[in-house]
Every structure is written in C-alpha cells, then in structure tokens.
Amino acid sequence: MSEVTVIVREAGLEDVDRLAPLFDGYRQFYRQSADPEGARRFLAARLGAGESRVFVAETEDGWPLGFVQLFPSFSSVSMRRLWILNDLFVAPDARRSGVARALMDRARELAIETGAKGLILETETHNAPAKRLYEELGWALDGTDHYELLV
C-alpha cells in the first residue's frame, strides 16, 4: 500500500467493536490464539476504567488501519509521568504506508501534552522493521538490562 491520508484520533468506548479485530490481530502477531471476544473485553475494560489511552489511525472514510495503546506510569527518579507504549499495530494491508509513523508521532504528542518525561517501549529483538522505525523517529536503546518475573 502506498502513502494514504491517515487520520489519527483518540479512541473511546464507542470504538471498541471496530478496534477489537485489530487488537486481536496484534495479539496473534505475538503468537497468541485468536480471541476476538477477549480482545473486545480487554479494550473495553481498559478504556472504561481510564487505564489506557488508545489512538486509532483511520482512512478518511473511517476505516481503521492501526492503533497504539499507551499506559501511564511514573519515573520515581525524575518524579515525572512516563508513558508505556505497550501496543502498536498496523493492519497487514496498510503497512509501509505511514500509519505506524503517524501513530508514533501522536504518542509523542501525548507525552508532550501531559508534561511527561517521555515514552518507553520494548519489542522483540527480531522485529527489525519496528526497530528501524523507532530509530528513525529518534528512539534509542536505554542501555539497561531488562528483567521480568512472570507469575
């Protein structure tokens, strides 16, 4: 797909049914089983409780092309808000058309609007296309070791 006119706007509860297939596609990209209803419930719960901010990229006629979901956090060291860019997904037929860049730009704007220290994200080491985009947009590896304890 070539460059298209992309409109990025904040999603609300009224958008959950339209976003759920994209969210489920995102989960499947990360090797999870399809669960359209679970995806819908998860998005509705996050948006309904104000626990995340979701921005959707659409065509001029309202067709959803992708989304970014951000969760608020804080940096104790700097004593400032921090946004976790947790989910970024572009529909396969809309990739390489500027959608991801538009969503990443909107996430950056959110950080500025809210006076945040910045944004953080992680991706799989083999996700070369995403890593290229992040670096083109000025993101840098932070030099820390990332640990996790899954329970």
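Above this text you will find the structure in question.
Computed from a predicted model, the values in this text were never measured in an experiment.

Notes on the pairing of strand β4 (residues 80–90)
Of the strand pairs in this sheet, strand β3 (residues 64–75) and β4 are connected by 10 bridges, and their pairing is antiparallel. Note on β4: the bridge partner recorded for L70 is L85. Linking β3 to β4, which pair antiparallel, is a turn of four residues; within it M79 sits at a positive phi near 55°. Judged from the three bridges that link them, β4 and strand β5 (residues 118–120) form a sheet pairing that is parallel.

Remarks on the packing of helix α3 (residues 99–113) against helix α4 (residues 128–136)
Contact pair α3 / α4: the axes reach a minimum separation of 11 Å and the direction vectors enclose 50°. Considering their axes alone, α3 and α4 lie oblique with respect to each other. Pair α3 / α4 crosses with right-handed handedness. Here α3 contributes A100, R101 and M104 to the contact with α4, which in turn contributes L133, Y134 and E136. The residue inventory of the contact of α3 with α4, partitioned by class, reads four nonpolar, no polar and two charged.

Things to note about the environment of R41
Note on placement: R41 falls in helix α2 (residues 36–48). Taking relative accessible area as the criterion, R41 reaches 46% and is therefore assigned partly exposed. Note: C-alpha distance between R41 and W63 (22 residues apart in sequence) is 21 Å.

Digging into the sheet that holds strand β2 (residues 53–58)
Pairing is mixed in the open sheet, where five strands are placed in the order β1-β2-β3-β4-β5. Every other strand in the sheet has two partners, leaving β1 (7–10) and β5 as the edge strands with one partner each. The average angle at which neighbouring strand axes cross in this sheet is 30°, direction not considered. With four bridges joining them, β1 and β2 adopt antiparallel strand pairing. In the sheet register, I7 faces β2, and the bridge partner there is E58. Relative to β3, helix α1 (residues 16–29) is tilted by about 75°, and along the sheet it contacts β1, β2, β3 and β4. Taken strand by strand, α3 contacts β1, β2, β3, β4 and β5, and its axis lies near 165° from that of β4.

About the thresholds
- Residues numbered from 1 in each chain as written.
- Predicted model: local features only at pLDDT ≥ 70, side-chain atom pairs only at ≥ 80, totals over all residues.
- Heavy atoms only, no water.
- Pairing = 2+ DSSP bridges.
- Helix = DSSP H or I, 4+ residues; strand = E, 2+ residues; numbered from the N terminus.
- Axes fitted to C-alpha atoms, helices over the stretch in contact; angles between N-to-C directions.
- Parallel < 35°, antiparallel > 145°, perpendicular 65-115°, else oblique.
- Left-handed = near helix turned anticlockwise from the far one by under 90°.
- Contact = heavy atoms within 4.5 Å.
- Nonpolar A, V, L, I, M, F, W, Y, C, P; charged D, E, K, R; others polar.
- Buried < 20%, exposed > 50% of the residue type's maximum accessible area, 1.4 Å probe, protein only.

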